[in-house]
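Below are the chains, spelled out letter by letter.
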Amino acid sequence: MTEPVLSVRDLKVQFVTRRGVLKAIDGVSFDIAPGEVLGVVGESGAGKSVTGSAVIGLIEPPGRIAGGEIRLKGERIDNLSPEAMRRVRGKRIGMIFQDPLTSLNPLYTVGEQLVETIRTHLPLSAGQARRRAIDLLAEVGIPAPDRRIDGYPHEFSGGMRQRVVIALALSAEPELVIADEPTTALDVSVQAQIITLIKRLCAERGTAVMLVTHDMGVIAETADRVAVMYSGRIAEIGPVRDVVKHPLHPYAVGLMGAIPSLETHADRLVQIRGAMPRLSAIPPGCPFHPRCERAFARCAVDRPEPLDRDRRKVACHLYDEAHAEIAS
Amino acid sequence: MTETPFVAVRNLRRVFDVSKPWLNRMLEGGQKQYLTAVDDVSFTIRRGETFALVGESGSGKSTVARMVVGLMPPSAGEVVIDGVPINDPRRAADVRALRRRIQMIFQDPYASLNPRWRVERIIAEPIRAFSLSASAREVHERVGELLTLVGLHPADGDKFPHEFSGGQRQRIAIARALASKAEFIVCDEPTSALDVSVQAQILNLMRDLQDRFGLTYLFISHNLAVVRHMASRIGVMYLGRIVEIGGGRDLFVRPQHPYTRMLLNAVPDIAMTGRLREAVQGEIPNPINPPSGCTFHPRCPFVFDRCRREVPPLEAGVACHAVAEGRIAAA
Ligand SMILES: Nc1ncnc2c1ncn2[C@@H]1O[C@H](COP(=O)(O)OP(=O)(O)OP(=O)(O)O)[C@@H](O)[C@H]1O
Ligand SMILES: Nc1ncnc2c1ncn2[C@@H]1O[C@H](COP(=O)(O)OP(=O)(O)O)[C@@H](O)[C@H]1O
Ligand code: SF4
Ligand code: SF4
Ligand SMILES: [Mg+2]
Ligand SMILES: [Mg+2]
């Protein structure tokens, strides 16, 4: 097995507030291999973005990493100094966020920003860096890149700006790209262009991608593997086809059935009762148990740990051998 | 089939003045600028039917919705509901009588619910405004009924909107719409701000209520799968115009207009893992300066000279010269 680019083990992130310690991430583990796209899905508040922020070292107080390890190519990065982490970000980890304007400075031209990032991380002259910036803009599909490079972010449309951000994220040839809802703010017809672009560029470079989104459609088409998050934990993680078409975890089953599809026409959508719990009131045992149709006594007491099943990991007591008789 | 439609929208048009203020124009130069948000939009909805408008951001869906419920006057064209042209001053009395029967639900239920009122008062307001119940006690009971109907508890009437989740607030908005015994509900992206599991709850609820009360819906969304799920007939909008209109099944199985084909090809769908897609070209142009002729022509793979000159009329449900001339093979 090749060494994973990113390896997260038992990650815990907490926010210390007046109402107590909120466990936003509570024991999350996953790996991403070189060239692999890991999709992270879940409903709002599930902990997708906090997981991404933890990996790039951007958890701000009152938040803190309260446990676990994050390794980039085997090297721990969760305990680096802010200065060292800043060098890892940008150079070894590229970032793409929902709103391209958060990644772009309105006061500088696109070219100035690209050249600066490139020269911070790669030993190139100003001229070489500019050449490389133009090539990158061409690669992400900006027409007339030698002219557009001198434009300011506001002169680009939303889709074009997101292309510039992708160029920026890839400019220092990172090993890992974290993309948090990269297409959520874009029009449907542009979404597909951007997703295809991220996937193609990273595949060509062997870059690992963590793609965070609440859009199952995007994941279904882009990711190699997918992690379904619920209440700060991973309910199920495995190959995307398996998890989307034949989910095992009751929450994943409900989630897939709740999504209307163009292909399969259902009269009624699957309904999961209730809503995701607030962080201040996460139920004991399995956090999904008050909403779960299949819950049994143990679910309210024992926390389900991830179990290996069918090439995936599922955190549900139904798949525990000791309870197989109840599950069947 | 010649049954008169419950809602008829005819050649609706809305132009916004987006010029800089007069003084700036005087000092900096520049002319008056107009944006045609909706142009020549026509459709009908039968009683008890769900008709949907789908399109990308800025295509004019919300502007149509606002004109249909009478929140905004059209620049041209008319909206006729149950035989009453809603912008005809001579029919003011009929229009007033119609008000109670038309309601609207918005994307952000929080913005549409008065944050300082308790839920009971919010839901009771239309009952009082249209004098539908006599005594305070009757009103209270009716509110309890409505809350139960939308899956909340009568005791929730004592709470304020901020005490509810997004999905629950949308339930409150639906209860309020039903409070006036509405028959026609215009829903503008009612689930776009909700999580998918909550969206499923709300869509199921809207369908149940439709079956139960024979409601007529104009359902607006940018999400094709949601529209497919909810509507029997669908209009696809692009830059203010309906480019294709038809039954849900036909439209999704045999899309004709190049834009509809492109959209269907572009939507990531959960049933399509591992599918290869064709690259979609370009982005939506600036509506202040739309392309000539068919506004889709800069992005269209089937474009020919006529497209740049003439606006294609909506014929047999499709507004496209290439389709009209039989240049495109059926999908
Ligand atoms: N009050 C207004 N003044 C000026 N322009 C407006 C106004 N309202 C809407 N527009 C413009 O009209 C066009 C159509 O807007 P509309 O809100 O109807 O689109 P929409 O299809 O509902 O889009 P979305 O999916 O983003 O809600 C847009 O270009 C918009 O900027
Ligand atoms: N700065 C913060 N202070 C307190 N709670 C936070 C903070 N940031 C995030 N959270 C909480 O952590 C949980 C996970 O958030 P997030 O990762 O943003 O979810 P999502 O899956 O929608 O991206 C949520 O309950 C959120 O409210
Ligand atoms: S552990 Fe129990 S409550 Fe949790 S998902 Fe499995 S069956 Fe449901
Ligand atoms: S009219 Fe011409 S440009 Fe417009 S959609 Fe049809 S073929 Fe394309
Ligand atoms: Mg998020
Ligand atoms: Mg709108």
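Remember, predicted model here, so these are calculated numbers, not experimental data. (Residues numbered from 1 in each chain as written. Chains lettered and ligands numbered in written order. Predicted model: local features only at pLDDT ≥ 70, side-chain atom pairs only at ≥ 80, totals over all residues. Heavy atoms only, no water.)

Turning our eyes to something else, we now look at the overall build of chain A. When helices and strands are tallied, chain A shows 12 helices and 12 strands. For chain A, the spread of C-alpha atoms along the principal axes amounts to about 70 × 50 × 45 Å. The burial tally for chain A puts 55% of its 328 residues in the buried class. Once local pairs closer than 6 in sequence are excluded, the contacts in chain A between residues at least 24 apart make up 63%. (Helix = DSSP H or I, 4+ residues; strand = E, 2+ residues; numbered from the N terminus. Buried < 20%, exposed > 50% of the residue type's maximum accessible area, 1.4 Å probe, protein only. Contact = heavy atoms within 4.5 Å.)

Taken together, the contact between chain A and chain B spans 41 residues of the former and 40 residues of the latter. When the two sides are added together, the surface that chain A and chain B hide from each other amounts to roughly 3,600 Å², 55% of it contributed by carbon and sulfur. Ranking the residues of chain A by area buried against chain B places A:Val188, A:Glu221 and A:Leu262 at the top, with a combined share of 21%. At the surface where chain A touches chain B, the tally comes to 1 salt bridge. For A:Arg268, the salt bridge identified is with B:Asp208, shortest N-O distance 2.7 Å. Of all the elements in the fold, those that place two or more residues in the side of chain A that touches chain B are helix H7 (158-170), helix H8 (188-205), helix H9 (216-222), helix H10 (240-245) and helix H11 (250-258) of chain A. Per element, the largest residue contribution to the side of chain A that touches chain B is 7 residues, and it comes from H8(A). Partitioned by chemical class, the residues of the side of chain A that touches chain B number 18 nonpolar, 13 polar and 10 charged. (Buried area = accessible area lost by both parts, 1.4 Å probe. Salt bridge = Lys/Arg side-chain N within 4 Å of Asp/Glu carboxyl O. Nonpolar A, V, L, I, M, F, W, Y, C, P; charged D, E, K, R; others polar.)

This next bit is on the UniProt feature "domain: ABC transporter" (unreviewed entry) in chain B. Within the UniProt annotation, "domain: ABC transporter" (unreviewed entry) is assigned to residues 13-264 of chain B. Between the C-alpha atoms that bound residues 13-264 of chain B there is a distance of 27 Å. The span itself is 41% helix and 23% strand. (UniProt positions renumbered as here; feature names shortened; annotations may be inferred.)

Here we take up the site of ligand 3. Neighbouring ligand 3 are 13 residues, the closest being A:Cys286, A:Cys292, A:Cys299, A:Cys316 and A:His317. Across the shell around ligand 3, the residue classes tally to 9 nonpolar, 3 polar and 1 charged. (Near = heavy atom within 4 Å.)

Take the site of ligand 2 next. All names here are of chain A. Neighbouring ligand 2 are the residues Phe-15, Ala-24, Glu-43, Ser-44, Gly-45, Ala-46, Gly-47, Lys-48, Ser-49, Val-50 and Leu-279. Between an oxygen atom of ligand 2 and a main-chain N or O atom of Gly-45, the distance comes to 2.7 Å. A distance of 3.2 Å separates an oxygen atom of ligand 2 from a polar atom in the backbone of Ala-46. When isolated, ligand 2 has an accessible area of 560 Å², and the protein chains bury 64% of it. Examining the composition of the shell around ligand 2, we find that 3 residues originate from one element, helix H1 (residues 48-55), more than from any other. (Polar contact = N/O pair within 3.5 Å; in protein donor to acceptor, adjacent residues only side chain to side chain. Areas by Shrake-Rupley, 256 points an atom, 1.4 Å probe, with all protein chains shown as cover.)

Our focus in this paragraph is the packing of helix H5 (residues 119-129) of chain B against helix H6 (residues 136-149) of chain B. When two helices pack together, their arrangement is given by the angle between their axes and by how far apart the axes lie. Residue and element names in this part refer to chain B. Two numbers describe how H5 lies on H6: the axes approach to 9 Å, and their chain directions differ by 110°. The angle between the axes of H5 and H6 places the two elements in the roughly perpendicular class. Two packed elements cross with a definite hand, and for H5 against H6 that hand is right-handed. Judged by residue contacts, Val-119, Glu-120, Ile-123, Ala-124, Ile-127 and Arg-128 of H5 engage Val-139, His-140, Arg-142, Val-143, Leu-146 and Leu-147 from H6. A class-by-class count of the residues in the contact of H5 with H6 yields 8 nonpolar, 1 polar and 3 charged. (Axes fitted to C-alpha atoms, helices over the stretch in contact; angles between N-to-C directions. Parallel < 35°, antiparallel > 145°, perpendicular 65-115°, else oblique. Left-handed = near helix turned anticlockwise from the far one by under 90°.)

So, about the sheet that holds strand E4 (residues 76-81) of chain B. All names here are of chain B. Strand order in this open sheet of 4 strands is E2-E1-E4-E5, and the pairing throughout is antiparallel. Across the chains shown, the open sheet's two edge strands, defined by having one partner strand only, are strand E2 (34-45) and strand E5 (84-85). Contacting strand E1 (7-17), E2 and E4, helix H2 (residues 61-68) crosses the sheet at an angle of about 60° to E2. (Pairing = 2+ DSSP bridges.)

A few words on the packing of aromatic side chains. Within this structure, the stated rule accounts for 8 aromatic pairs over all chains. When the ring of A:Tyr230 is compared with that of A:Phe288, the centres are 5.2 Å apart and the planes differ by 80°; the resulting orientation is edge-to-face. Residue A:Tyr230 is found in strand E9 (residues 225-230), and its partner A:Phe288 is found in the loop between H11 and strand E11 (307-309); the two are separated by 58 residues along the sequence. Per residue, the accessibility class of A:Tyr230 equals that of A:Phe288, and both read buried. Their ring planes at 80° and their centres at 6.4 Å tell us that B:Phe6 and B:Phe184 sit as a pair that is edge-to-face. Here B:Phe6 is found in the segment before E1, whereas its partner B:Phe184 is found in strand E7 (residues 184-188), with 178 residues between them in sequence. Here B:Phe184 falls in the buried class, since its relative accessible area comes to 0%. Aromatic ring contacts, followed pair by pair, group A:Tyr230, A:Tyr251 and A:Phe288 into a single cluster. The ring of A:Phe156 carries A:Arg148 above its face, with NZ or CZ at 4.3 Å from the centroid. (Phe/Tyr/Trp six-rings, centres within 6.5 Å; stacked < 30°, edge-to-face > 60°. Lys NZ or Arg CZ within 6 Å of the ring centre and 35° of its normal.)

Under the present numbering, the feature "domain: ABC transporter" (unreviewed entry) in UniProt falls on residues 8-256 of chain A. The span residues 8-256 of chain A carries 41% helix and 27% strand; its end-to-end C-alpha distance comes to 26 Å.

All names here are of chain B. Spatially, 6 strands are ordered E6-E7-E8-E3-E9-E10 in an open sheet, and the strand pairing comes out mixed. Of all strands in the sheet, those with a lone pairing partner are strand E6 (102-105) and strand E10 (241-247), marking the two edges. Each strand axis lies, on average, 15° off the axis of its neighbour in the sheet, ignoring direction. With 4 bridges connecting them, E6 and E7 associate as parallel partners. The partner of Ile-105 across the bridge, within E7, is Cys-187. In the packing of helix H11 (residues 258-266) onto the sheet, the strands contacted are strand E9 (233-238) and E10, and the crossing angle to E9 comes to about 100°.

Turning next to the environment of B:Asp82. All names here are of chain B. Its place among the elements puts Asp-82 in the loop between E4 and E5. For Asp-82, a relative accessible area of 34% translates into the label partly exposed. Taking the C-alpha atoms as reference points, Asp-82 and Gly-144, separated by 62 residues in sequence, lie 30 Å from one another. Within polar-contact distance, the side chain of Asp-82 engages the side chain of Arg-101 at 2.7 Å.

Residues and elements named next belong to chain B. Together, Trp-22, Leu-23, Met-26 and Leu-27 line one region of the surface with nonpolar side chains, adding up to about 520 Å² of accessible area. Note that Leu-23 resides in helix H1 (residues 22-28). Its relative accessible area of 49% is what places Leu-23 among the partly exposed residues. (Patch = residues over 30% accessible without salt bridge, like charges linked within 9 Å, V, L, I, M, F, W, Y side chains within 5 Å.)

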